[in-house]
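# Coordinates in review
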Amino acid sequence: MPLTFTLDPAITPGLRDGILDLWTDVSNAGGAVGFVPPVSRETIRPELVGTLARIAEGGTRLLVGHDESGRVAATAFITFNTHRLRTHWVWLYTVMVHPEHQGKGHGRDLLAAAAEAARGFDGVEAIRLSCRGGLGLEGFYASCGYQEVGRVPGAIRVAPGDDRDDVTLLLSLN
């Protein structure tokens with residue numbers, strides 16, 4: 001079943017908890033979304049609270065995918081640049097699909113929904129994102145139209161002795 005995507009849904013306690021559960025499950029399954037397993041909801045909560053504050057301030061937009069039961073199954077955060085020379089592109093952060101929904105095309109659907117949303121933002125011509133190297137994510141994003149435009153070797157320290165590349169990708173919306 002396809003996911004239903006919503007841009008800027010009302011932030012309710014249920015949605016907040018659904019995102020927190022998703023972020024925890026994705027992290028503990030090894031997803032590269034800012035944490036290293038094992039991680040608890042309480043470890044992730046401050047990051048989510050900060051992101052929700054940026055949403056309330058208008059600098060970040062939330063895209064949520066719900067499954068057929070109404071559960072939060074996917075999310076991405078779209079963040080605007082505040083510098084006047086960079087307002088023509090946005091950042092896509094914390095792209096997540098719940099592990100039980102992976103391998104079904106929902107990641108592609110999430111990226112397509114993010115691109116559709118960004119095309120509706122005044123003056124936005126591109127989406128940038130970064131990902132952790134060593135997991136094959138670059139290939140997935142490339143298959144969705146993103147082009148690798150930069151790489152910083154060893155910029156992400158997952159654990160002592162386990163440094164990964166920080167890979168920057170760009171999707172032109174023109």
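The following paragraphs examine the structure supplied in this document. (Residues numbered from 1 in each chain as written. Predicted model: local features only at pLDDT ≥ 70, side-chain atom pairs only at ≥ 80, totals over all residues. Heavy atoms only, no water.)

### With respect to helix H1 (residues 13-28)
It helps to recall that an α-helix has 3.6 residues per turn; residues three or four apart then point in one direction. For H1, with 16 residues, the first-to-last C-alpha span of 22 Å sits near the 22 Å given by 1.5 Å per residue. Along H1, the residues that are buried comprise Leu15, Gly18, Ile19, Leu20, Leu22, Trp23, Thr24, Val26 and Ser27. Looking one or two residues beyond H1, the residue adopting positive phi is Gly30, at roughly 95 degrees. (Helix = DSSP H or I, 4+ residues; strand = E, 2+ residues; numbered from the N terminus. Expected span 1.5 Å × (residues − 1). Buried < 20%, exposed > 50% of the residue type's maximum accessible area, 1.4 Å probe, protein only.)

### Observations regarding the nonpolar core
With 28 residues, the main nonpolar core has Leu92, Ile127 and Tyr146 as its most contacted residues. When contributions to this core are tallied by element, the ones reaching two or more residues are strand S3 (72-80), strand S4 (89-97), helix H3 (106-119), strand S5 (126-132) and strand S7 (162-172). With seven residues, the single largest contributor to this core is H3. If we ignore the near neighbours within four places in the chain, the residues touching Leu92 are Ala76, Phe77, Ile78, Leu111, Ala114, Ile127, Arg128, Leu129 and Tyr146. With 18 residues, the next largest nonpolar core counts Val39, Ile55, Leu62 and Met96 among its residues. (Core = buried A, V, L, I, M, F, W, Y, C linked by side-chain atoms within 4.5 Å. Contact = heavy atoms within 4.5 Å.)

### As for unusual backbone geometry
Along the chain, Pro37 connects to Pro38 via a cis peptide bond; the corresponding omega equals -5 degrees. Mapped onto the elements, Pro38 comes out in the loop between H1 and helix H2 (41-57). The backbone of Asp8 shows a phi angle near 60 degrees, a positive value even though the residue is not glycine. In the Ramachandran plot, Thr94 falls in the positive-phi region, its phi being about 50 degrees despite a non-glycine side chain.

### Some thoughts on the pairing of S7
The pairing of S5 with S7 spans seven bridges and is classified as antiparallel. For Leu129, the partnering residue across the bridge sits in S7 and is Leu169. Where strand S6 (residues 147-159) meets S7, eight bridges bridge the pair, whose relative direction is antiparallel. If you follow Val152 over to S7, its bridge partner there is Asp166. Counting the residues that bridge the hairpin from S6 to S7 gives two residues, and of these Gly161 lies at a positive phi of roughly 80 degrees. (Pairing = 2+ DSSP bridges.)

### Describing the pattern of salt bridges
Across all of its chains, the model carries eleven salt bridges by this definition. We note a salt bridge from Arg61 to Asp8, for which the minimum N-O separation is 2.4 Å. With Arg61 in strand S2 (residues 60-66) and Asp8 in the loop between strand S1 (4-7) and H1, the pair connects residues that are 53 residues apart, well separated along the chain. Among the residues examined, Arg61 registers a relative accessible area of 24% and is labelled partly exposed. Classification of Asp8 as partly exposed rests on a relative accessible area of 34%. A salt bridge links Asp17 to Arg16; its shortest N-O distance comes to 3.3 Å. (Salt bridge = Lys/Arg side-chain N within 4 Å of Asp/Glu carboxyl O.)

### Here's the deal with the packing of H1 against H2
Their axes nearest at 10 Å, the elements H1 and H2 cross at an angle of 125 degrees. Regarding the angle of H1 to H2, the classification is oblique. In the crossing of H1 with H2, the sense of the turn from one axis to the other is right-handed. Residues Arg16, Asp17, Ile19, Leu20, Asp21, Trp23, Thr24 and Ser27 of H1 lie in contact with H2, whose contacting residues are Arg41, Ile44, Arg45, Glu47, Leu48, Thr51 and Leu52. (Axes fitted to C-alpha atoms, helices over the stretch in contact; angles between N-to-C directions. Parallel < 35°, antiparallel > 145°, perpendicular 65-115°, else oblique. Left-handed = near helix turned anticlockwise from the far one by under 90°.)

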